[in-house]
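# Analysis of the macromolecular model
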Amino acid sequence: MVTAKFTQKDGKLVAFDVSGHAGFANAGEDIVCAGVSSALQLTANGITEVVGAKAQVKVEENWISLKLMAPDQRVEDFMRAFLLQLNLLSEAYPNTISVNVSEV
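Residues numbered from 1 in each chain as written. Predicted model: local features only at pLDDT ≥ 70, side-chain atom pairs only at ≥ 80, totals over all residues. Heavy atoms only, no water.

Below, the discussion takes up the environment of Ser19. Its place among the elements puts Ser19 in strand β2 (residues 12–19). For Ser19 and Val104, which are 85 residues apart along the polypeptide, the C-alpha to C-alpha distance reads 20 Å. Apart from the residues lying within four places of it in its own chain, the contact partners of Ser19 are Met1, Val2, Thr3, Asn62 and Trp63. (Helix = DSSP H or I, 4+ residues; strand = E, 2+ residues; numbered from the N terminus. Contact = heavy atoms within 4.5 Å.)

So, in structure tokens, the structure goes:
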């Protein structure tokens, strides 16, 4: 299962941590993992490369985290869109993705 943990502060998303595998199909054929990976890369690259926001990004095998250093509305839009996409994938493919949002 893919586990996505989002952190928000004062109602604004400020970080996420994504790990695991969906287990929908064999490696290399898993459309859920491909969807999550694509949305994740778009979000991280949009935040750091397109918007140019300062963020701490850590990547290891089967795990990535992104923590914003100075949130703004453009970044919030990327984060909300990523959260929405993961929730939609979770609904379309039950028991493959767990999405949680916590306030700090």
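Structure's up, so let's keep going.
This paragraph deals with the packing of helix α1 (residues 31–50) against helix α2 (residues 73–92). Contact geometry for α1 and α2: axes closest at 9 Å, N-to-C directions at 175°. Between α1 and α2, the interaxial angle falls into the category roughly antiparallel. Of the residues in α2, those touching α1 at Gly35, Val36, Ala39, Leu40, Leu42, Thr43, Gly46 and Ile47 are Val75, Phe78, Met79, Phe82, Gln85, Leu86 and Leu89. By residue class, the composition of the contact of α1 with α2 is 11 nonpolar, 4 polar and no charged. (Axes fitted to C-alpha atoms, helices over the stretch in contact; angles between N-to-C directions. Parallel < 35°, antiparallel > 145°, perpendicular 65-115°, else oblique. Nonpolar A, V, L, I, M, F, W, Y, C, P; charged D, E, K, R; others polar.)

Bringing the nonpolar core into the picture now. Counting 27 residues, the largest nonpolar core has Phe6, Phe16, Val18, Met79 and Phe82 as the members making the most contacts within it. Looking at this core, the elements with two or more residues in it are β1 (2–9), β2, α1, β4 (63–68), α2 and β5 (97–103). Counting residues per element, this core draws most heavily on α1, which supplies 7 residues. When neighbours within four sequence positions are excluded, Phe6 is seen to be in contact with Leu13, Ala15, Phe16, Met79, Phe82, Leu83, Leu86, Val99, Asn100, Val101 and Ser102. (Core = buried A, V, L, I, M, F, W, Y, C linked by side-chain atoms within 4.5 Å. Buried < 20%, exposed > 50% of the residue type's maximum accessible area, 1.4 Å probe, protein only.)

The next thing to look at is α2. The end-to-end C-alpha distance of α2 is 28 Å, a good match for the 28 Å that 20 residues give at a rise of 1.5 Å each. When we look at burial in α2, the residues that qualify are Val75, Glu76, Met79, Phe82, Leu83, Leu86 and Leu89. Around the axis of α2, the buried residues are gathered within 155° of arc, so they sit on the same side. Along α2, exposed side chains directed more than 90 degrees from the buried face belong to Leu84 and Glu91. Of the surrounding secondary structure, the elements contacted by the buried residues of α2 are β1, β2, α1, β4 and β5. N-cap assignment for α2: the residue whose side-chain oxygen lies 3.0 Å from the backbone N of Arg74 is Asp72. (Expected span 1.5 Å × (residues − 1). Arc of directions from axis to C-beta. Polar contact = N/O pair within 3.5 Å; in protein donor to acceptor, adjacent residues only side chain to side chain.)

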